[in-house]
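# Overview (structure and organization)
Each chain, written out:
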Amino acid sequence: MRALSYTRPWAELVVGGFKDIENRPWTTDYRGRVLVHAAKSWDHEALDFAEIVEAQLGRNLGVRDVPRAAADHPTGILGTVELLDICSVTIDPRRSCRCSPWAVDGQHHWQLGNFRRFAAPIPCRGALGLWRVPADIAAAIEREVARG
Ligand SMILES: [Zn+2]
């Protein structure tokens, strides 16, 4: 079972279904379920960026309802998304793509779907890259997923 660690509140923006593109400087052949892990670190500019994207999309995603304080954002594994595909078009600076306002030029655009939040965060340490969760935590997640 694979996971990605995010600076908060990016984890919330992903698992909440606000953000359908994940920008990463690297790519992977992996496709399928990815656990969304919220790390302790906090990006105080993330919600301002999300409001700009919301304006570009021209529809209300509900970014204003996302808590602004780090204390209101849990750490741990918040839920899952599905990595559907990866667009690497803008790695070539002469090219552009139409992924989403979330997509940043020069990055690989991980296309996400099937956003699903767990009833409660599952405590877990994070790691770099597309990491594998420890077996005991994977078992807890399987039980959470089976609850439907
Ligand atoms: Zn793209």
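The notes below deal with the structure included here. (Residues numbered from 1 in each chain as written. Predicted model: local features only at pLDDT ≥ 70, side-chain atom pairs only at ≥ 80, totals over all residues. Heavy atoms only, no water.)

Attention now goes to the pairing of strand β3 (residues 32-42). In the sheet, strand β1 (residues 2-8) pairs with β3 via six bridges, with the strands oriented parallel. Following the sheet pairing, R2 is matched in β3 by V34. In this sheet, strand β4 (residues 76-87) lies alongside β3 in antiparallel orientation, the contact comprising seven bridges. The residue of β4 that forms the bridge with A38 is G76. (Pairing = 2+ DSSP bridges. Helix = DSSP H or I, 4+ residues; strand = E, 2+ residues; numbered from the N terminus.)

This brings us to the environment of A69. Mapping A69 onto the fold places it in the loop between α2 (46-57) and β4. Spatially, the C-alpha atoms of A69 and P9 are 9.2 Å apart, while their sequence positions differ by 60 residues.

At the metal site, the zinc ion is ligated by C87 (SG), C97 (SG), C99 (SG) and H109 (ND1), and these contacts range over 2.1 to 2.3 Å. Bound by four donor atoms, the zinc ion shows angles of 101 to 117° at the metal and therefore tetrahedral coordination geometry. Spacing between the donor residues of the zinc ion along their common chain follows C-x9-C-x1-C-x9-H. Given a relative accessible area of 25%, C97 falls into the partly exposed group. Among the residues examined, C99 registers a relative accessible area of 24% and is labelled partly exposed. (Donors = N, O, S within 2.8 Å, 3.2 Å for Na, K, Ca; no water. Tetrahedral: all angles 85-135°; square planar, octahedral: opposite > 155°, others 65-115°. Buried < 20%, exposed > 50% of the residue type's maximum accessible area, 1.4 Å probe, protein only.)

What follows covers unusual backbone geometry. With omega at 0°, the peptide bond leading from R8 into P9 counts as cis. One can find P9 in the loop between β1 and α1 (10-15). With a phi close to 50°, N114 is a non-glycine residue in the positive phi region. Along the chain, the position of N114 falls in strand β5 (residues 108-122).

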